[in-house]
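Examining the three-dimensional arrangement
In case you want the letters, here they are:
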Amino acid sequence: MMLAALTFTVASQAQFEQGKLYANAGFSGLDLNYNSTKKWNFDICGKVGYFFEDSWMALADASWGVYKGAPNNFGLGVGLRYYIEQNGIYLGAGARYKHIDSHDDFIPNVAIGYSFFLSRTVTVEPELYYDMSTKSFKDYSGFGLRIGFGIYLGK
């Protein structure tokens, strides 16, 4: 059992190296999030990233969301992710521009997640996040759970 744990740790460490590329597709919503409007929603998100330094990744993302009783929305964002001690746990921070039919919003966000390796390059990544709306802090800020599937490429 210790040998399996050591093998997993060594395999994960190799994935967070400078020069690696990253791609992710994920979803959130389905009542896995909360804000004061508390309406059913579903968001899908695509992310791409680049490790500019060991354990440090720059990210870009695009998202599309469907909200019950409200117009669909589209978002674009950028961020950074830091992997703690090469064990798969990461901290993230970023900002997203979100366009919702009649208004635009700027949303800073923070996240903590875990990259669980299914193989040497493929992961399942549960992530807790907090989005802070600058348009209406009371109504649109909130936290939630996002599930993603990642691929680490390169070297």
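Below is a short write-up of the structure. Residue positions are counted from 1 within each chain, in the order its sequence is given. Given that the model is predicted, a residue must reach a pLDDT of at least 70 before its local features are reported, and side-chain atom pairs must reach 80 or more before they are shown or counted; all residues, however, enter totals for whole chains, interfaces and linings. Each side-chain value is worked out from all heavy atoms of the structure, with water and hydrogens disregarded.

Another point: the overall build of the protein. Helix numbering and strand numbering both begin at the N terminus, where a helix is a DSSP run of H or I of at least 4 residues and a strand a DSSP run of E of at least 2. Along its length, the protein carries two helices and nine strands. Secondary structure elements of the protein, listed N to C terminal, follow the sequence α-β-β-β-β-β-β-β-β-α-β. Split into buried and exposed, the 155 residues of the protein put 40% on the buried side. Excluding contacts between residues fewer than 6 apart, the proportion of contacts in the protein whose partners are at least 24 apart in sequence is 49%. Each residue is assigned to one of three classes by its accessible area relative to the maximum for its type, calculated with a 1.4 Å probe on protein chains only: buried under 20%, partly exposed between the two thresholds, exposed over 50%. By the convention used here, residues are in contact when the closest approach between their heavy atoms is within 4.5 Å.

What follows covers the pattern of salt bridges. Only one rule defines a salt bridge in this text: a Lys or Arg side-chain nitrogen within 4 Å of an Asp or Glu carboxyl oxygen. Per the counting criterion, the structure on display carries five salt bridges. Here Glu125 ties to Arg81 by a salt bridge, and the two come within 3.5 Å at their closest N and O atoms. Of the two residues, Glu125 is situated in strand E8 (residues 122–131) and Arg81 in strand E4 (residues 73–83); the sequence distance between them amounts to 44 residues. The buried category is assigned to Arg81, whose relative accessible area is 2%. Within this structure, Lys47, Arg81, Glu125, Glu127 and Arg146 form a network of salt bridges that share partners.

With respect to the helices and strands, Asp43 occurs in strand E2 (residues 41–53). Owing to a relative accessible area of 13%, Asp43 belongs among the buried residues under this scheme. Residues Asp43 and Ser28 lie 15 residues apart in sequence; the distance between their C-alpha atoms is 5.2 Å. Discounting residues that sit within four places of it in the chain, Asp43 has contacts with Gly26, Phe27, Ser28, Trp64, Gly65, Val66, Tyr67 and Asn73.

To continue, consider the packing of aromatic side chains. Both the distance between ring centres and the angle between the ring planes are used here to describe each pair of aromatic rings. Side-chain rings of Phe, Tyr and Trp (the six-membered ring for Trp) are treated as a pair once their centres are within 6.5 Å; stacked means planes under 30 degrees apart, edge-to-face means over 60, and tilted covers the remaining angles. Summed over all chains, the structure comprises 10 aromatic pairs. Residues Phe51 and Tyr83 carry aromatic rings whose centres are separated by 5.6 Å and whose planes lie at 40 degrees to one another, so their mutual orientation is tilted. Of this pair, Phe51 sits in strand E2 while Tyr83 sits in strand E4; the two residues are 32 residues apart in sequence, bridging distant segments of the chain. Tyr83 matches Phe51 in its accessibility class, with the two residues each being buried. Three or more aromatic residues joined by ring pairs make a cluster, and in this case those are Phe16, Tyr22, Phe51, Tyr83, Tyr90, Phe117 and Tyr152. Only when the NZ of Lys or the CZ of Arg is both within 6 Å of the ring centre and within 35 degrees of the ring normal is a charge said to sit over the ring. When the ring centre of Tyr90 is taken as origin, the NZ or CZ atom of Arg81, which lies over that ring, is 3.8 Å away. The cationic tip of Arg146 hangs over the ring face of Tyr129; the distance from NZ or CZ to the ring centre is 4.1 Å.

A few words on the pairing of strand E5 (residues 89–100). What makes two strands pair is DSSP finding at least two bridges between them. One ladder, built from 11 bridges, connects E4 with E5; its direction is antiparallel. Bridging from a neighbouring strand, Leu80 pairs with Ala93 of E5. Here E4 hands over to E5 after five residues, with Glu85 in that stretch at a positive phi of 50 degrees. The pairing of E5 with strand E6 (residues 103–114) spans 12 bridges and is antiparallel. Residue Ala95 lies in a different strand from E6, and its bridge partner there is Pro108. Connecting E5 to the next strand, E6, in antiparallel fashion are two residues, including Asp101 with a positive phi near 20 degrees.

This part covers unusual backbone geometry. Despite not being glycine, Ser55 has its phi angle at roughly 75 degrees, a positive value. Position of Ser55 relative to the elements: it lies in the loop between E2 and strand E3 (56–67). Overall, Ser55 belongs to the buried group, its relative accessible area being 8%.

By the element assignment, Tyr50 lies in strand E2. In this structure, the C-alpha to C-alpha distance between Tyr50 and Tyr22, residues 28 residues apart in sequence, is 6.1 Å. If sequence neighbours within four positions are ignored, Tyr50 has contacts with Gly19, Lys20, Leu21, Trp56, Met57 and Ala58.

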